[in-house]
Amino acid sequence: MLAETARCLEKIRAQRPLVHNITNYVVMNYTANALLCLGASPVMAHAVEEVEAMVELADALVINIGTLSAPWVDAMFLASRAAIERSIPVVLDPVGAGATAFRTDTARRLLDEFGITVLRGNASEIMALAGLNSTTRGVDSVHATDEARSAAVELANVYKAVVAITGAEDFITNGPKSARVANGHPLMGRVSGTGCVASSIVAAFCAVHPDPLVAATAGLSVLGIAGELAARDNPGPGTFHHLLLDALDAMETRNIEEKGRIAVSWEQ
Amino acid sequence: MLAETARCLEKIRAQRPLVHNITNYVVMNYTANALLCLGASPVMAHAVEEVEAMVELADALVINIGTLSAPWVDAMFLASRAAIERSIPVVLDPVGAGATAFRTDTARRLLDEFGITVLRGNASEIMALAGLNSTTRGVDSVHATDEARSAAVELANVYKAVVAITGAEDFITNGPKSARVANGHPLMGRVSGTGCVASSIVAAFCAVHPDPLVAATAGLSVLGIAGELAARDNPGPGTFHHLLLDALDAMETRNIEEKGRIAVSWEQ
Amino acid sequence: MLAETARCLEKIRAQRPLVHNITNYVVMNYTANALLCLGASPVMAHAVEEVEAMVELADALVINIGTLSAPWVDAMFLASRAAIERSIPVVLDPVGAGATAFRTDTARRLLDEFGITVLRGNASEIMALAGLNSTTRGVDSVHATDEARSAAVELANVYKAVVAITGAEDFITNGPKSARVANGHPLMGRVSGTGCVASSIVAAFCAVHPDPLVAATAGLSVLGIAGELAARDNPGPGTFHHLLLDALDAMETRNIEEKGRIAVSWEQ
């Protein structure tokens, strides 16, 4: 799996997949820079007048509901439909699902209506979408990854999607099969937007690998390793914010082989 | 007052108050990161469909008019009403009041209609809201804090609110009582959004202290001290931008005791 | 030309021109900080209710279509009309023109209807606006500057505007006259928003120099030199992001004299 992860990263750098993000205002800049540092090509577009045309050019689509409003919901539906028609992967980031009905309902409607490829959230968001009486505290999780495992498996089976929970440890499942990624660093939780960045990086990996379970697992491992490399000298979170970008840019196959901590439930 | 300031910071870190920001696009990321580094939990939400539900979860609300549009004004009114009903503190940041009638009028309507807890602006904005013929030069102040003191006292008395002017020196008043904070560094004026960050930090302090005069004073002192610590090695403004986040994260009681420069008009 | 470039920068720092940006969400923070570091005063405002009032205060206007939507297009037209009436310079950044019809058409309508002062884009965007069958790959150029030279000259003649193509080398033309700037560093292409920042910096230079050909050339040279200075120690792109701001802030006449690489087609 580590060799496959490294190959995916090489492919991203060679092919520069165009990742179309309909994402929240808070993380747009950080997401664009993270995708560039990874080797992908980011674009942000959210107008109903153009999202379908932009999807025509894109290799993957990210729908992130972190700062939702009604016109954006319309654009998310148009873009998702266009992406499904073109068979490009769609990653849904249900930021704050469980916090407000507007977010929970929008995420559910997207899951109900489209064949979302990967649903990536924190434990509280995944539990909320599975109908467990979870409260997300705003956009931060109040649950650990393990508490949300069965919810993730259930959602994966219901929606025929890959579901990824990120946290201290990441859990990725397509229902029958699952993986765990033990990469990452606590500083990643001290910086706004690392979860959103994770979703966009997963989208880039989905653009170069046909199995979204493998792609999501590989992408989350690479981001986690970048977090570990960026944290080496114990920086403050403001400095870490940029060292994480540097680490994505500098990531080598060697880093993945040395630091990757992926456990999969399937035979390799 | 310094001991109380340190206690407030400890409480923020222990309780992680959820600060709901309806703020401008320019500073969303910086504000979210500053609140995280301080120890609070930030959330950004602005849709009329969900702001009331988000306020239900929040411990404080920030209304920042820095990139205003009509739908956002509607959301600001809904959220402010919900916050007042729940008796959580509301901090208003009248970015660019005086520059355009749209901004001045929106800020005044919010002040007229709701019991705003803290109004935090630069000298030009505070003078404009008091009806003085001030021109803000876009969003930057063209006046010093001292020129706006009487305007601040007047607004505080009229609106039964705490009014805070930030600048080279900060002045905070509830009308009868006032405080001065002499912390901070000129580099803070070289980075976009430090004023907006100040408003959100004041909101976090209001969430853990019942007297907004004390809370605003404490919050502005902590931010100012962070600015001093971040400027120690004379960085460029781009580097300072992140060192300020690091300094908020690393702030200790000792730093507050050593560097806090607060003068209050009331007995302690 | 280098001496004139240095004089322009001095004027910006002395006069602090107010640059009104109607720009995309991704780069708002970076643009505001870059303008502050340069010495200008940035303001962002996009509501139809206030853009004309803000233009009244402004010394230059930037229209950037990077995250377009219908209400913003309305605001862009109102603001452009107000700017033309006041005879302040207008810089148009056609981000992603060629990628979607919505962007191409909006950029063309702005060019058709108003006397845009400077059109600054990458090679693919300029070629798309000239009707060449170019595809921008999202918002990144797939062409080199030289491929777009004749398109730039044509657009400059048709619209009586200065057209600037930025890339590994920059080409700036008003039709009859042209300049080349060989400053810059590949890391600038690894950071989101340097093109958008270039447009806003050009606007600041246009605010202090009557000839937009000279202003655009000077501004692009200064930004390119800042890029070279920021890249000196071979930082990662995340770190470079902030060193570029530091370099704009620290830029001295000496740096311009030593590093400026400008070739002009006119006699000096």
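About the cut-offs
- Residues numbered from 1 in each chain as written.
- Chains lettered and ligands numbered in written order.
- Predicted model: local features only at pLDDT ≥ 70, side-chain atom pairs only at ≥ 80, totals over all residues.
- Heavy atoms only, no water.
- Contact = heavy atoms within 4.5 Å.
- Buried area = accessible area lost by both parts, 1.4 Å probe.
- Salt bridge = Lys/Arg side-chain N within 4 Å of Asp/Glu carboxyl O.
- Helix = DSSP H or I, 4+ residues; strand = E, 2+ residues; numbered from the N terminus.
- UniProt positions renumbered as here; feature names shortened; annotations may be inferred.
- Buried < 20%, exposed > 50% of the residue type's maximum accessible area, 1.4 Å probe, protein only.
- Least-squares fit on C-alpha atoms with pLDDT ≥ 70 in both.
- Axes fitted to C-alpha atoms, helices over the stretch in contact; angles between N-to-C directions.
- Parallel < 35°, antiparallel > 145°, perpendicular 65-115°, else oblique.
- Left-handed = near helix turned anticlockwise from the far one by under 90°.
- Nonpolar A, V, L, I, M, F, W, Y, C, P; charged D, E, K, R; others polar.
- Core = buried A, V, L, I, M, F, W, Y, C linked by side-chain atoms within 4.5 Å.
- Polar contact = N/O pair within 3.5 Å; in protein donor to acceptor, adjacent residues only side chain to side chain.
- Pairing = 2+ DSSP bridges.
- Right-handed = clockwise from strand over helix to strand, strands pointing away.

**Here we look at the interface of chain B and chain C**
Each side of the interface is counted separately: chain B has 27 residues, and chain C has 30 residues. Summing both partners gives a buried area of about 2,300 Å² for chain B against chain C, and 54% of it is carried by carbon and sulfur. For the interface between chain B and chain C, the tally reads 2 salt bridges. Put simply, aspartate 249 of chain C and arginine 190 of chain B hold a salt bridge, and the shortest N to O gap is 2.4 Å. Mapped onto the side of chain B that touches chain C, the elements with two or more residues apiece are helix H5 (101-113) and helix H10 (237-250) of chain B. Of all the elements, H10 of chain B adds the most residues to the side of chain B that touches chain C, at 5 residues.

**What about the UniProt feature "binding site: substrate" in chain A?**
UniProt marks Met44 and Gly193 of chain A with the feature "binding site: substrate", using the numbering shown here. With residues up to four places along the chain from it excluded, the contact list for methionine 44 of chain A reads Asn21, Thr23, Met28, Thr31 and Ala32 of chain A together with Val26, Gly66, Thr67 and Arg103 of chain C. With respect to the secondary-structure elements, glycine 193 of chain A resides in the loop between strand S8 (178-181) and helix H8 (194-206). Judged by its relative accessible area of 12%, glycine 193 of chain A is buried. Setting aside anything within four residues of it in sequence, one finds glycine 193 of chain A in contact with Val27 and Tyr30 of chain A.

**Side note on the relation of the copies chain A and chain C**
Once turned by 120 degrees and shifted 0.0 Å along the axis, chain A lies on chain C with an RMSD of 0.0 Å. Here the transformation between the copies is reduced to the relation of a three-fold axis. Distance from the rotation axis, computed per C-alpha, reaches its smallest value in chain A at tyrosine 25 of chain A: 3.8 Å. The fraction of interface residues of chain A whose copies in chain C are also interface residues is only 7%, indicating that the copies meet through different surfaces.

**Re the packing of helix H9 (residues 212-230) of chain C against helix H10 (residues 237-250) of chain C**
Residue and element names in this part refer to chain C. Contact geometry for H9 and H10: axes closest at 8 Å, N-to-C directions at 125 degrees. Taken together, the axes of H9 and H10 lie oblique to each other. Considering how the two elements wind past one another, H9 and H10 form a crossing that is right-handed. For the pair H9 and H10, contact is made by Val222, Leu223, Ala226, Gly227, Leu229 and Ala230 and by Phe240, Leu243, Leu244, Ala247 and Leu248, respectively. Of the residues contributing to the contact of H9 with H10, the split by class is 10 nonpolar, 1 polar and no charged.

**Some thoughts on the nonpolar core**
One finds Leu61 and Leu92 of chain A, Leu61 and Leu92 of chain B together with Leu61 of chain C to be the most contacted residues of the largest nonpolar core, which totals 153 residues. With residues up to four places along the chain from it excluded, the contact list for leucine 61 of chain B reads His20, Ile22, Val55, Ala79, Ser80, Ala83, Ile88, Pro89, Val90 and Val91 of chain B.

**A few points about the interface of chain A and chain C**
Taken residue by residue, the interface counts 30 residues in chain A and 27 residues in chain C. Each partner contributes to the roughly 2,300 Å² buried at the junction of chain A and chain C, and carbon and sulfur atoms together form 54% of this total. Looking at the side of chain A facing chain C, the largest losses of area belong to Asn29, Leu36 and Glu50 of chain A, adding up to 20% of the total buried there. Taken together, chain A and chain C are joined by 2 salt bridges. Two residues, arginine 103 of chain C and glutamate 50 of chain A, come together in a salt bridge whose shortest N-O distance is 2.8 Å. At the boundary of chain A with chain C, the tally comes to 12 residue pairs in polar contact (both at pLDDT 80 or more). Secondary-structure elements contributing two or more residues to the side of chain A that touches chain C are helix H2 (28-38), strand S2 (41-44), helix H3 (51-57) and helix H10 (237-250) of chain A. Ranked by the residues each element gives to the side of chain A that touches chain C, the list is headed by H2 of chain A, at 6 residues.

**Digging into the side chain of histidine 241 of chain B**
Secondary-structure assignment places histidine 241 of chain B in helix H10. Its relative accessible area of 7% is what places histidine 241 of chain B among the buried residues. A polar contact is formed between the side chain of histidine 241 of chain B and the side chain of histidine 242 of chain B, at a distance of 2.9 Å. With sequence-adjacent residues up to four places away left out, histidine 241 of chain B is seen in contact with Tyr30 and Val191 of chain B together with Asn29, Asn33 and His242 of chain C.

**Examining unusual backbone geometry**
Within the chain, asparagine 234 of chain A stands out as a residue other than glycine whose phi angle is a positive 55 degrees. Note on placement: asparagine 234 of chain A falls in the loop between helix H9 (212-230) and H10. Positioned with a positive phi, arginine 16 of chain B is a non-glycine residue whose angle comes to about 45 degrees. Position of arginine 16 of chain B among the secondary structure elements: in the loop between helix H1 (2-15) and strand S1 (18-22).

**Thoughts on the sheet that holds strand S3 (residues 60-64) of chain B**
Residue and element names in this part refer to chain B. Read from one edge of the open sheet, 9 strands run S2-S1-S3-S4-S5-S6-S7-S8-S9, paired in mixed fashion. What marks the edges here is a single partner per strand, and that holds for strand S2 (41-44) and strand S9 (262-264). Across the sheet, the mean angle separating the axes of adjacent strands is 20 degrees when strand polarity is ignored. One ladder, built from 4 bridges, connects S1 with S3; its direction is parallel. Of the residues in S3, the one forming a bridge with isoleucine 22 is isoleucine 63. With respect to the sheet, helix H9 (residues 212-230) is in contact with strand S5 (118-121), strand S6 (162-165), strand S7 (170-173), strand S8 (178-181) and S9, its orientation differing from that of S7 by roughly 165 degrees.

**Thoughts on the pattern of salt bridges**
All names here are of chain A. Taken as a whole and assessed by the stated rule, the structure comprises 24 salt bridges over all chains. Residue arginine 81 is joined to glutamate 113 by a salt bridge in which the shortest nitrogen-to-oxygen separation is 3.3 Å. On the criterion of sequence distance, the pair formed by arginine 81 in helix H4 (residues 70-86) and glutamate 113 in helix H5 (residues 101-113) is long-range, its members being 32 residues apart. Under the relative-accessibility criterion, glutamate 113 is labelled partly exposed at 44%.

**Structural notes on the UniProt feature "binding site: ATP" in chain A**
Residue and element names in this part refer to chain A. When the UniProt feature table is mapped onto this chain, "binding site: ATP" is found at Arg120 and Thr166. Sequence-wise these annotated residues cover 47 residues; spatially they are packed, their C-alpha atoms never more than 7.4 Å apart. Mapped onto the elements of the fold, arginine 120 is located in strand S5 (residues 118-121). Taking the relative accessible area as the measure of exposure, arginine 120 reaches 3% and is therefore buried. A polar contact of 2.9 Å, which involves the side chain of arginine 120, links it to the side chain of aspartate 93. Relative to the assigned elements, threonine 166 resides in the loop between strand S6 (162-165) and strand S7 (170-173). The residues touching threonine 166, leaving out its near neighbours within four places in the chain, are Arg120, Gly121, Asn122, Ala123, Thr145 and Leu220. Of the polar contacts made by the side chain of threonine 166, one reaches the side chain of arginine 120; its length is 2.4 Å.

**Section: the pairing of strand S4 (residues 90-93) of chain B**
Residues and elements named next belong to chain B. Neither face of S4 is exposed, since Val90 and Leu92 on one face and Val91 and Asp93 on the opposite face are all buried. Bridge count for S3 against S4 is 4 bridges, and the pairing is parallel. When the sheet's bridge partners are listed, asparagine 64 is paired in S4 with aspartate 93. Read as a crossover between parallel neighbours, the route from S3 over helix H4 (residues 70-86) to S4 is right-handed. One ladder, built from 2 bridges, connects S4 with S5; its direction is parallel.

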